[in-house]
Amino acid sequence: MNRFKTSKFKNTTPKIPKKDAWIANVRGGSFSSQGNHIKSSCSLVAFNTDQAGGGMVGLSSVNPGSDGKWIVTQIPCHADLVTDLDFSPFDDYILATCSADETVKLWRVCDPDQDQPSSPEVTLSPGDGRLEIVLFHPTTSGLIAVASTRGVHVWDTTRDSALTVLEQHADQLQGLAWKEDGSLLASSCKDKKLRIFDPRAQPSAVQCAQGLQGNKDSRILWIKDDNLITTGFNQVRQQEVKLWDRRKLSSSLSTVSLATSNATLMPLFDPDSGLLIVSGNGESVIDCFEVTASEPFLSQVSHCLTDTSTRGVALVPKLALDVSVCEILRVMQFTDNFIVPISYQVPRKAGQDFHADLFPDTVGHTPAMTADDWWKGENKQVERVSLHPNKTPKPNSASPKDLPRGKSKEEPSTSSSTLSSPSISAAPSRSPSSTSGLSSGFLQSPSPSQSSRAIQNMLGPSSKFRHIQGSVLHRDSHITNLRGLHLTTPGECDGFCANRQRVAVPLAIAGGQIAVFELSQPGKLPDTAPPTVQNVVSVADFCWDPFNPYKLVVAGDDAKIRVWHIPKGGLKETLTEPDSILQGHTEKIYSIKFHPHASGLLVSSSYDLTVRLWNLDTGVEIKRLSGHQDQIFGIAWSPDGKLLATVCKDGKVRLYDPRGSTLPVQEGPGPEGQRGARVVWVCDGKYLLVSGFDCRSERQLYLFSTDTLASGCVATAPADVSPSTLIPFYDPDTSVLILTGKGDTRVYIYEIVPEAPYFMECSSFNSSEPHKGLCFLPKTECDVCDVEVARAIRLSKTTIEPLAFRVPRVRKEFFQDDVFPDTAVWWESSLTVTDWLSGSNGQHRKISLRPKDMMPISEAPKEAPVRKYLPSSVYLEEKTDEQKKEELLSAMVAKLGNREDPLPQESYEGVDEDEWDD
């Protein structure tokens, strides 16, 4: 009759809170490991973060503070990726971490608002390669199991060596779990076998059975008594959940097949309720099953669709749940940028009675025995405690506030950086005009009210360019009927290049031919082939000399750099002989870039893994930089021309001082993806912006501080999924970053600020057809009267067209000096190559963009605010009956009008008085 018995959990409902109740600023890492990437105690949540190459651990509290916000902090734990972490079941503040650096560390952590430890309490070195899993023993204090790629070590943390080392697995170990009483260990392996170990009896498995059909990632959990749960894949790549009985591992008791997916299923089990949570890494679904001892064994309770994809999941211990609202589970969903607390509640009358049937006694915080007792063969269960609000004991953990830390509380911590979760009111704005005021050109009251400031604080900082609009200029300025465009230039090449006078585009014709068109001569091109620049070999990259609009430099597949002179007025005939050829690279060249100040100074990167500096005036190589281990994706000069930044396929971002050492002066972790990347200097050279890919081949933006490059990126911003690398353009006057990729239809726009939130997203520009890319022109080409902050040339398959980016403003009769500061004349050189090599540093002169007949908006007379509606006091004013009657009559007269002619009804004839008599 059990199958007809209704489960008390059948109506359990997962409740996802609103986004403002999520833990933000977590910067979750998407690294590959056998752990769940997140763990929770009754007080704290620890998770993997992408800082320092994954060597840091993020920390936050389970519940928000009194202001409803969370504080998130980072702890530098390891020199390499943190692969797994676990909280002690007997102390909320003891955290164990293991890493690819082959060490296990135990930390006495603190609340997120306090100074975190700079060193661990215990460090263990199993010496068995990269470590994958760390698990505290469920009943014994100071005992942990550590899994490497194929082996398992059981450690007493008070000893220098392991208690036992289990027999090596035949292949990659994928899952590890303690039995509820801590007597046995179970593992799943890539060789499709399940193994049961008794660590105190023998190092080899006491049971081994063929349990899995696929060799892809699997996980294993002990549940009640002798039952186990495994998650994995079947032969047709469907996700599977299987229930096993240890006493007969020849076949599973029950199997549930889920979706066809590559996502690894992560299981969580609550032994008190018998509920199983299953979520796939990278998926947006969390399933809940009830596990019973009889048919149907596994029955689905809920199917929760989340707002973001999952990177990891963790269960909050029972003692931290809110029993007053019948919360039986709380799942911490770990995503790229948030931790989402999902509460599973049984729909009952809350807040009145304690529902004992939903909340049986649960395991407490007191260990049942010591490691020595366990090793001698004892088996004891942890004492259970009641969840009744009046009987629940306080967690048995020494508060870190009362423990000696080895330093005074006044001493500032340098080991972690605390990021306040979105308390936007504390985030400074970039400039006063980004929030309000007449300088922005909008008609507003002279001083914003307290309520408007409160709304601003709640919404967070916003960019003055957030409503920037991109638009294609009139067709009269287009060059059309472009034919034979080369659409497959290398990823390191921008695809085409332009200056104020002309644009150069590669053609799909043998011999590396480039066509040059004059921007001053728009219109339809003739059907005949245009004159070209013939480079003999395929073009790898090309660019205009910023100080000479007639000099075009082209890098070819033959490792040579050719310098061409384009005649004034454009090409009239095909050019076959370059002015000079630079030779020195031994393999194909990736990219070339001119120095921002020194005329005739060029830098190039090549497949020979070198970066070389050239003097175009003499045609001589003047410096060779080394240190790269793989393909060089991008190079960029600093704004002052002192340093050179590179981003490489080996996952590193490097800084060079070309006038000093040939090796990098700084080096740090770059994008994980290996599909391509670009680098550009932003925020007056204080930061590097890298556009690349993450490990899932999704386009991502990374921001690095040039002072602490080795610490990793300080902020990231996701873009989208696309095969082409985002090519960045940065305007130092406005700090606006514009990005697009070859073949894209969307142009991304951000304002970059040197403090949190770093990336302020603005409106993007979308076109109906894909483009080859954008090339930006000097600021003097912008129409400042129309508040045009950037002018670009867009190349499509058949047209070359100007594109303007404008900021919408009301009072355009004034010069908007808040968005048009004095601009650098970067198209004029400030020194020679010889001067630069001798140690001189140039600086561009600056000019004002303000037309002589325009007054700056900052000096414009202030306008009084105009009320569109009468104040409410007018409508709420008390009026007498006579006043109301007078207003009504006046309104009727106004509607009818003052007419001298008689109304129609006045001409109607009446009836005699006697006709009214009965």
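Description of the structure in this document. Per chain, residues are indexed from 1 in the order of the written sequence. Totals for whole chains, interfaces and linings use all residues, but because this is a predicted model, local features are given only for residues with pLDDT of at least 70 and pairs of side-chain atoms are given and counted only at 80 or more. The side-chain numbers reported here are obtained from all heavy atoms of the structure, hydrogens and water having been left aside.

## Quick word on the pairing of strand S26 (residues 298–305)
Right, on to step 1. Note: two strands are recorded as paired if DSSP finds a minimum of 2 bridges between them. Helical segments are the DSSP runs of H or I of at least four residues, strand segments are the runs of E of at least two, and each set is numbered from the N terminus. Sheet topology places strand S25 (residues 285–291) next to S26; seven bridges connect them, and they run antiparallel. In the strand pairing of S26, Asp287 is matched with His303.
Right, on to step 2. The antiparallel pairing of S25 with S26 creates a hairpin that spans six residues between the two strands, and Phe297 there sits at a positive phi of about 70°.

## Points about the side chain of Ser99
Right, on to step 1. By the secondary structure assignment, Ser99 is in strand S8 (residues 94–99).
Right, on to step 2. The class for Ser99 is buried, based on a relative accessible area of 0%.
Right, on to step 3. By the criterion applied in these results, polar contacts are pairs of N or O atoms within 3.5 Å in which, for protein atoms, one can donate a hydrogen and the other can accept it, and in which residues neighboring in sequence qualify only through two side-chain atoms. Within the local environment of Ser99, its side chain forms a polar contact with the backbone nitrogen of Asp101, the two atoms lying 3.0 Å apart.
Right, on to step 4. Dropping the residues within four chain positions of it, Ser99 is found in contact with His78, Asp80, Leu81, Val82, Thr83, Arg130 and Leu131. Burial here depends on accessible area, computed with a 1.4 Å probe over protein chains only, as a share of the maximum for the residue type. Under 20% is buried, over 50% is exposed, and the range in between is partly exposed. Any pair of residues with heavy atoms lying within 4.5 Å of one another is described as a contacting pair.

## Looking at the pattern of salt bridges
Close approach of charged atoms allows side chains with opposite charge to pair.
Right, on to step 1. Definition used for salt bridges: Asp or Glu carboxyl oxygen within 4 Å of a side-chain nitrogen of Lys or Arg. Per the counting criterion, the structure on display carries 41 salt bridges.
Right, on to step 2. Residue Arg483 is joined to Asp527 by a salt bridge in which the shortest nitrogen-to-oxygen separation is 3.0 Å. A residue pair is termed long-range when its members are at least 10 positions apart, and Arg483 in the loop between strand S34 (479–480) and strand S35 (497–498) and Asp527 in the loop between strand S38 (523–524) and strand S39 (532–534) qualify at 44 residues.
Right, on to step 3. Each of Lys179, Asp226, Asp245, Arg246 and Arg247 takes part in a single network of salt bridges with overlapping partners.

## Points about the nonpolar core
Right, on to step 1. Throughout this description, the term nonpolar core refers to a set of buried Ala, Val, Leu, Ile, Met, Phe, Trp, Tyr and Cys residues connected via side-chain atoms within 4.5 Å. Judged by nonpolar contacts, the single largest core of 44 residues is most densely connected at Ile38, Phe47, Ile277, Ile328, Ile339 and Tyr344.
Right, on to step 2. Not counting chain neighbours up to four residues away, the residues in contact with Ile38 comprise Val45, Ala46, Phe47, Leu85, Gly312, Val313, Ala314, Met332, Phe334 and Ile339.

## A word on the pairing of strand S47 (residues 611–615)
Right, on to step 1. Burial runs high along S47: five of the five residues are buried.
Right, on to step 2. What sits between the antiparallel neighbours strand S46 (residues 601–606) and S47 is a turn of four residues, in which Leu609 has the positive phi angle 65°.
Right, on to step 3. As judged from the five bridges shared by S47 and strand S48 (residues 620–625), these two strands associate in the antiparallel manner. For Arg612, the partnering residue across the bridge sits in S48 and is Arg624.
Right, on to step 4. Once S47 ends, the chain turns through four residues before running back antiparallel as S48, passing Gly619 with a positive phi of about 75°.

## Digging into the sheet that holds S39
Right, on to step 1. Taken together, four strands build an open sheet; the order of strands is S35-S36-S37-S39 and the sheet is antiparallel. Every other strand in the sheet has two partners, leaving S35 and S39 as the edge strands with one partner each.
Right, on to step 2. Pairing of strand S37 (residues 513–518) with S39, which is carried by three bridges, proceeds in the antiparallel orientation. If you follow Ala515 over to S39, its bridge partner there is Thr532.

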